[in-house]
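# Descriptive analysis of the structure
The primary structure of each chain is shown beneath.
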Amino acid sequence: MTANSSPREFDGTLVSTPFGAGNVRRTTQNEYEKLLDKYDSEGVLVLTGAPTSTDSFRDTLDEVLPGAATPYVTSPVVHATDVLNQTDERVILSDALRRELLHRFLDGYEWETEYLRRASEQSSFIEDVDRVMGTISWQDISPSETPELREITTALDAFHNWLAEHDHIERGQLISEALAVLTGDDYDDIVDIDAVLAVEFEEFFPLDRAYLDALTADCELVCIAEDDASVRRTWVETGPVTDYVSFSESRRASGVQPSTRPAATAAYFAEETVVNDPDAGSVSVLAADSSGDQLAAIANEIEELVEQEGWNYADIAVATKQSGSTVTDTIESFERSGIPTESATITGLGDDPAIRELLAVTRHLAADEDDDVPDHGPALDTDRLARVGEMDQLEDAVRWWATDSGLKERIAERATPLDARSQFGNVRRAFRMAAFLDDTAFLGSTWDSYEEMLERAHEYASQQNQTSATDLDGGVRVDHLQAIKNTTFKAVFLINLTDSEYPGDPFLTRLFPTERVASMPDYPGVTDLSDTDVDQTFPTDSTASSRPFVRYHAEHARRCLAVGAGVATERLYCCLYEYEDTALEERAQASRFLTAAYADLPWVTDAADPQITSEQAAEEFLLSRVDNALADVRRANSQDVTISLDEVEAELGEIQELLDKSGMRGEELRKALRARVEFANGEVRR
């Protein structure tokens, strides 16, 4: 993609700020104070580039807003929702309900192109085409050159028409539909603001910019764009945002040198900038043998920060490169370690015991004959099942089960307060799904239909919800890097810093091979590239590849690391593992970006050996000694390395002596150690 030949013209001011979260916060506060000198806070609307950063900017501006007033901070999609709620009677579908209706709409859809006909036979097809449709819908574009993309767009238009016939609208349509309202005759009845401050302007999509233009037809406009910081927009559009816009006034905010080591490391990732050691904060490389050991080491480090530093779990974030299963796996690993978590992009339906119980009830009631009743899941009271099955309304039936079976009380008793809040939220989602079927005549209010919907929501719980803006409080934040941009945490763990992940291989969709996507000029993402596109988008040059497509996405991965590093205010942990979790135990190479930082930045150091801060960590440490010893012996056989059996014997002897002194607890651990050895030798016993 290349810059537009005729940039969108704004009657307003563009303020460019040097890279760095501190520069952005300082500039945002300064520009906001200038607007407050002229207008009341109620008349100043602040728009962020993504819903996940609204809370952070609200807190930033609350520091300079006098009195008890609250800054008016939202995002384009949330503001568009408010506009349509005033002017449109259609029901706005949640991400889960939209996904459900799309699956039902595409089931049996007749595709014309041979490629899509063949692809539709694969079990993952609807999920794959759903992702492409979602991107097209959010960008409001119409691919014109690739036949398959044209057909997907035709199917999407038909889906939107089908929704409209039933008075529904999906969230991907919100901004384009609200834009039509703002450019119509109802503008004066809807817009009642004096000024708009657009922050994270470097992340505004073309449709976002069009919406902003219409919204500020009669308002003062100030936009703040951070240099070399776009990760969301540069996934679909090359170059700086200034290539696509012009302003009646432009100026540059002053910047300061990074004041902490995490901030200086972020600047290095973003711009290859090497500054003097700030002497504040720390950047540590936390390495482990395997990816599972990596998460265990992070969990132990988190517990140490909470115990030794007196921090709260909410002061800590763990960031992955992508959303989806990586986030889910991390959350599950932490919860097994007793660490509470929260996420703005992942629902908890996947491993929620309350949802599993409701699924078991639904499966029983959806079964036609006794032979079809599943024999897995929790034991269920047959009399209660019979009564639920006799109820006319699904929502009434599901709510009655949750109350009469004591599900709500059991959630409160067995879960921590944060987990209980999450489970109650998931149960409310299940109630809303049942109510949706009751109120939507064309779907059918049956247990079969509810089972299909709940199963699908359970299956796709790990998918990213594009418009989530959850009110989070209390747990370690686990999300992908883009979702934590412009937030702040005392400690941030960047995980999986291996070369297979950063940069990794370019990936845009499973629907088409990457090589074909790279040659699609109308794919809704950055594909057809030149060397100039790469150079104009990124100031860094850290890969030896000569292909612009590979170079572009490598530098994009590096910029994601910059965004994540800039979130940490005191401690940054760069986490990786040494061996892949495969039968051959291939060695995992450290990310080339981390290797370069380790060489160029003297404050990037190896993490100290962690202290054991809990009984569980002590047990895991003890048991892992046997695992590590056995792994070393296996590796010696397969990789032609030498180990000292005397050292292994001495260490195991020390463990035995320790267990002899530990009484009954030591005997229990001795049995666990013996079981580990027997299992490793292929002996399985109770």
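The rules behind these values
- Residues numbered from 1 in each chain as written.
- Predicted model: local features only at pLDDT ≥ 70, side-chain atom pairs only at ≥ 80, totals over all residues.
- Heavy atoms only, no water.
- Helix = DSSP H or I, 4+ residues; strand = E, 2+ residues; numbered from the N terminus.
- Buried < 20%, exposed > 50% of the residue type's maximum accessible area, 1.4 Å probe, protein only.
- Contact = heavy atoms within 4.5 Å.
- Areas by Shrake-Rupley, 256 points an atom, 1.4 Å probe, with all protein chains shown as cover.
- Salt bridge = Lys/Arg side-chain N within 4 Å of Asp/Glu carboxyl O.
- Pairing = 2+ DSSP bridges.
- Axes fitted to C-alpha atoms, helices over the stretch in contact; angles between N-to-C directions.
- Parallel < 35°, antiparallel > 145°, perpendicular 65-115°, else oblique.
- Left-handed = near helix turned anticlockwise from the far one by under 90°.
- pLDDT = per-residue confidence, 0-100.
- Polar contact = N/O pair within 3.5 Å; in protein donor to acceptor, adjacent residues only side chain to side chain.

A few words now on the overall build of the protein chain. A tally of helices and strands in the protein chain yields 26 helices and 15 strands. Taking all 686 residues of the protein chain together, 53% fall into the buried category. In the protein chain, of all internal contacts separated by at least 6 residues, the share reaching a separation of at least 24 is 75%. Surface summary for the protein chain: the accessible area is close to 31,400 Å², and the carbon and sulfur share equals 44%.

This part covers the pattern of salt bridges. Two side chains with opposite charge may pair up if their charged atoms get near one another. Overall, the coordinates contain 41 salt bridges when judged by the stated rule. Between E220 and K38 there is a salt bridge; the shortest N-O distance is 2.9 Å. Remark: K38 occurs in the loop between α1 (21-36) and β2 (44-47) and E220 occurs in strand β7 (residues 220-226); sequence separation between them is 182 residues. Overall, the relative accessible area of 25% leaves E220 in the partly exposed class. The exposure class of K38 is exposed, given its relative accessible area of 51%. The partner of R399 in a salt bridge is E395, and the shortest N-O contact between them spans 3.0 Å. Of this pair, R399 and E395 both sit in helix α16 (residues 394-404), four residues apart, which is roughly one turn of that helix.

Across the nine residues that make up helix α8 (residues 174-182), a large majority, seven, are buried. Looking at the buried side of α8, the elements it contacts are α3 (76-87), β4 (91-92), α9 (187-190) and α10 (206-215).

Here the focus is the environment of A397. Locating A397 in the fold gives a position in helix α16. The exposure class assigned to A397 is buried, which follows from its relative accessible area of 0%. C-alpha of A397 to C-alpha of R387: the two residues are 10 residues apart in sequence and 8.6 Å apart in space. Those residues within four positions of A397 in sequence are excluded, and the remaining contacts are V388, M391 and W447.

This part is about the sheet that holds strand β15 (residues 604-606). A sheet is described by the order of its strands in space; here seven strands give the open sequence β11-β12-β10-β13-β14-β9-β15, paired in parallel fashion. Each edge of the sheet is formed by a strand with only one pairing partner; in this case those strands are β11 (341-342) and β15. The sheet contact formed by strand β13 (residues 489-494) and strand β14 (residues 568-577) spans five bridges and is parallel. Looking at β14, one finds that F489 is bridged to A568. Across the face of the sheet, helix α13 (residues 325-336) comes into contact with β10 (316-320), β11 and β12 (476-480) while running at roughly 160° to β12. Sitting on the sheet, helix α23 (residues 592-600) touches β9 (282-288), β14 and β15, and the angle it makes with β15 is about 100°.

As a further point, take the packing of helix α14 (residues 353-366) against helix α17 (residues 407-414). Two elements in contact, α14 and α17, have axes whose closest approach is 11 Å; the angle formed by their N-to-C orientations is 155°. Classed by the angle they form, the pair α14 and α17 counts as roughly antiparallel. The way α14 lies across α17 gives a crossing that is right-handed. Residue-level inspection shows P353, A354, E357 and L358 of α14 in contact with α17, the latter providing L407, R410, I411 and R414.

So, on to the sheet that holds strand β8 (residues 245-252). What the six strands build is an open sheet, ordered β3-β2-β6-β7-β1-β8; its pairing is parallel. For this open sheet the edge positions go to β3 (72-74) and β8, each flanked by a neighbour on one side alone. The average angle at which neighbouring strand axes cross in this sheet is 25°, direction not considered.

For the rest of this paragraph, the subject is the confidence of the model for the protein chain. When pLDDT is averaged along the protein chain, the result is 85; 83% of the residues meet or exceed 70. Across the protein chain, strand β6 (residues 195-198) holds the top mean pLDDT of 98, while helix α24 (residues 615-639) sits lowest at 58. Contacts for the low-pLDDT stretch residues 464-471, under 50 throughout, to residues beyond four places or in other chains number 24 contacts.

Structurally, S405 is set in the loop between α16 and α17. Given a relative accessible area of 15%, S405 falls into the buried group. A distance of 2.5 Å separates a polar side-chain atom of S405 from the backbone oxygen of W401. Not counting chain neighbours up to four residues away, the residues in contact with S405 comprise E357, R384, W400 and R410.

Turning to the pairing of strand β1 (residues 8-17), a few remarks are in order. By the criterion of burial, β1 is predominantly enclosed, with seven of the 10 residues buried. Sheet topology places β1 next to β8; seven bridges connect them, and they run parallel. For T13, the partnering residue across the bridge sits in β8 and is E249.

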